[in-house]
Amino acid sequence: MHLLVTGGAGYVGSHAVRALVSAGHRVTVLDNLSAGHAAAVHTDARLVAGDLHDETLLDDLMTLEHYDAVMHFAAFIEVGESVVHPLKFYENNLGNTVRLLAAMQRHDIRRMVFSSTCAIYGLPERMPITEDTPSSPQSPYARAKLAVEWAMMDSAAAWGLGCVALRYFNAAGAVADATIGEDHDPESHLIPNVLKVALGQREHVKIFGTDYPTPDGTCVRDYVHVEDLADAHLRSLDAIKPGVFRAFNAGTGHGATVRQVVEAAREVTGHPIPVVESPRRAGDVPILCADASRIQSELGWQPRYTTLNEIVASAWAWHRTHPKGFNDRP
Ligand code: UDP
């Protein structure tokens with residue numbers, strides 16, 4: 001297949017591009033490189049540096065080439081920033097997705113895989129979270145993602161779009177040969193921040209909240225390896241049904257506390273990794289853990305990285321060999 005991959009220079013997107021190329025697909029990446037890295041894009045994929053806001057560019061791309069499907073990763077990701085600048089998120093994450101969908105409709109491209117998020121569930125009453133857990137998004141970021149799912153659902157009914165939305169839990173790790181990995185600026189995620197301490201780039205890592213109703217008082221998250229996520233995208237591509245919107249949780253079903261992540265990183269790196277217990281971070285919920293049975297039974301997906309130590313070791317291999325990430329920012 002020939003795929004258009006928006007945001008294919010970003011963290012999860014670039015790993016999916018590698019998996020697509022390895023599986024023999026032809027890939028065109030559309031990325032404005034505001035957060036992505038050109039060096040993250042596999043050399044066998046074509047990189048078009050451009051913005052989804054540019055409808056002429058979308059029409060040109062889709063006129064000049066035939067695309068069998070679109071994988072849509074491009075989005076702003078900082079939940080905290082979305083609270084301060086909501087319209088920036090609605091404009092990019094929702095508005096530009098609507099532009100993309102409209103272009104797909106104009107050019108009769110009816111297959112799509114979308115990067116959604118477990119944040120749409122908000123503060124669920126019961127764990128683990130199934131796909132039928134009522135949505136209750138707590139931030140503009142999450143509300144815009146949910147609105148995109150609705151736009152896709154309505155497009156499925158109205159013009160036959162076939163769509164799979166993968167609701168990511170906490171993506172982590174890096175490709176096995178450590179040639180690409182996670183490089184956000186600013187970096188807010190736990191595992192890279194912990195590993196920056198092991199690299200000597202930071203003195204300590206802050207633990208945001210130690211009084212949560214969890215086994216050790218710190219937040220529980222479901223860390224899923226980015227290569228397993230990439231595999232979920234390939235399987236989703238095959239699972240698209242015309243005129244049907246399908247959503248799957250992309251998580252392992254196993255939760256880990258912040259303290260367990262720090263402990264895993266101590267074991268993997270041999271560094272003592274000092275922590276500073278700090279107040280809760282606004283917007284964090286105590287526990288997010290997937291019920292992954294639907295993606296396992298319907299897509300045959302099984303994570304290959306099953307332990308926290310394996311996931312942290314894979315992230316460490318990337319950070320240790322690329323202490324400045326892609327080193328492409330001024
Ligand atoms: N966290 C932390 N210190 C950090 C970064 C994150 O204690 O420097 C906590 C955060 O409060 C959350 C968990 O680690 O409970 C995972 O946060 P992350 O930002 O990696 O992912 P999120 O779950 O927010 O998408």
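Scroll up for the structure.
## Remarks on the packing of helix α1 (residues 11–22) against helix α7 (residues 226–239)
Inference 1: In the contact formed by α1 and α7, the axes pass within 8 Å of each other and the chain directions differ by 60°. Comparing the axis directions of α1 and α7 gives the class oblique. In this structure, α1 meets α7 at a crossing whose hand is right-handed. Of the residues in α7, those in contact with Tyr11, Val12, His15, Ala16, Ala19 and Leu20 of α1 are Val226, Leu229, Ala230, His233, Leu234 and Leu237.
Inference 2: When its residues are assigned to classes, the contact of α1 with α7 shows 10 nonpolar, two polar and no charged.

## Some words on the site of the ligand
Inference 1: Taken together, 15 residues lie around the ligand, and Leu190, Lys206, Arg221, Arg281 and Asp284 are the ones closest in.
Inference 2: Contact distances for the ligand include 2.7 Å between an oxygen atom and a side-chain N or O atom of arginine 221.
Inference 3: Protein contact buries 87% of the 520 Å² of open area that the ligand shows by itself.
Inference 4: Contributions of two or more residues to the shell around the ligand are made by α6 (190–198) and β8 (205–208).
Inference 5: Looking at the shell around the ligand element by element, the count peaks at four residues for β8.
Inference 6: Along the lines of polarity and charge, the residues of the shell around the ligand split into seven nonpolar, four polar and four charged.

## Notes on the sheet that holds strand β4 (residues 69–72)
Inference 1: Strand order in the open sheet formed by seven strands is β3-β2-β1-β4-β5-β6-β11, and the pairing between neighbours is parallel. For this open sheet the edge positions go to β3 (46–49) and β11 (245–250), each flanked by a neighbour on one side alone. Averaged over neighbouring strand pairs, the angle between their axes works out to 20° when direction is ignored.
Inference 2: Pairing analysis gives four bridges linking strand β1 (residues 2–6) to β4, with the strands arranged parallel. Bridging from a neighbouring strand, threonine 6 pairs with histidine 72 of β4.
Inference 3: Relative to strand β6 (residues 162–168), α7 is tilted by about 160°, and along the sheet it contacts β1, β4, β5 (111–117), β6 and β11.

## Focus on the pattern of salt bridges
Inference 1: Per the stated rule, a full pass over the model turns up 19 salt bridges.
Inference 2: Measuring nitrogen to oxygen at the nearest pair gives 3.3 Å for the salt bridge that ties arginine 99 to glutamate 91.
Inference 3: Since its relative accessible area comes to 35%, glutamate 91 is described here as partly exposed.
Inference 4: Notably, a salt bridge pairs glutamate 149 with arginine 167, separated by 2.6 Å at the nearest N-O pair. Here the residue glutamate 149 occupies a position in helix α5 (residues 140–159), and arginine 167 occupies one in strand β6, the gap between them amounting to 18 residues.
Inference 5: Of the residues examined, arginine 167 reaches a relative accessible area of 7% and is grouped as buried.

## Overview of the nonpolar core
Inference 1: In terms of nonpolar packing, the biggest core is built from 35 residues, with Val5, Leu20, Val27, Met71, Leu166, Leu237 and Ile295 touching the most fellow members.
Inference 2: Considering every element that reaches this core, the biggest residue donor is α7, with seven residues.
Inference 3: With sequence-adjacent residues up to four places away left out, methionine 71 is seen in contact with Leu3, Leu4, Val5, Thr6, Leu20, Val113, His233 and Leu237.
Inference 4: Formed by 26 residues, the second largest nonpolar core is a distinct cluster that contains Leu100, Phe114, Cys163 and Ala247.

## Observations regarding the state of the cysteines
Inference 1: Inspection of the entire model under this criterion finds zero disulfides.
Inference 2: Left without a disulfide partner, cysteine 118 is nearest to the cysteine sulfur of cysteine 289, which lies 9.9 Å away.
Inference 3: The buried category is assigned to cysteine 118, whose relative accessible area is 6%.
Inference 4: Unpaired in this structure, cysteine 219 has its nearest cysteine sulfur neighbour in cysteine 118, at a distance of 12 Å.

Quick notes on the rules
By convention here, each chain's residues receive numbers from 1 onward along its written sequence. pLDDT decides what is reported in this predicted model: residues at 70 or higher carry local features, side-chain atom pairs at 80 or more are listed and counted, and totals for whole chains, interfaces and linings draw on all residues regardless. Only hydrogens and water are set aside when side-chain values are computed; all heavy atoms of the structure are taken into account. Throughout, an axis means a line fitted to C-alpha atoms (over the contacting stretch in the case of helices), and angles, computed between N-to-C directions, take values from 0 to 180 degrees. By definition, any uninterrupted DSSP run of H or I lasting at least four residues is a helix, any uninterrupted run of E lasting at least two residues is a strand, and each is numbered from the N terminus. Angles are sorted into four bins: roughly parallel if under 35 degrees, roughly antiparallel if over 145, roughly perpendicular if 65 to 115, and oblique for all others. In this scheme the crossing of two helices becomes right-handed for a clockwise turn of the near helix relative to the far one and left-handed for an anticlockwise turn of less than a right angle. Should any heavy atoms of two residues lie within 4.5 Å, those residues are considered in contact. Residues were grouped as follows: Ala, Val, Leu, Ile, Met, Phe, Trp, Tyr, Cys and Pro as nonpolar; Asp, Glu, Lys and Arg as charged; and all remaining residues, including Gly, as polar. To be near a molecule or strand, a residue needs just one of its heavy atoms within 4 Å of it. In protein, a polar contact requires one atom able to donate a hydrogen and another able to accept it; more generally it is a pair of N or O atoms within 3.5 Å, and residues adjacent in sequence count only if both atoms are side-chain atoms. Reported accessibility uses the Shrake-Rupley method at a 1.4 Å probe radius. Residues are deemed covered only where the shown protein chains occlude them. Strand pairing follows a simple DSSP-based rule, namely that at least 2 bridges must link the two strands. One side-chain nitrogen of Lys or Arg within 4 Å of one carboxyl oxygen of Asp or Glu is enough to make a salt bridge. The rule is simple: take the accessible area with a 1.4 Å probe, protein chains only, and divide by the maximum for that residue type; under 20% is buried, over 50% is exposed, in between is partly exposed. The set of buried Ala, Val, Leu, Ile, Met, Phe, Trp, Tyr and Cys residues whose side-chain atoms join them within 4.5 Å is what this entry labels a nonpolar core. The disulfide criterion is simple: two cysteine sulfur atoms within 2.5 Å.

Honestly, that's just the spatial picture; any functional story needs more than this.
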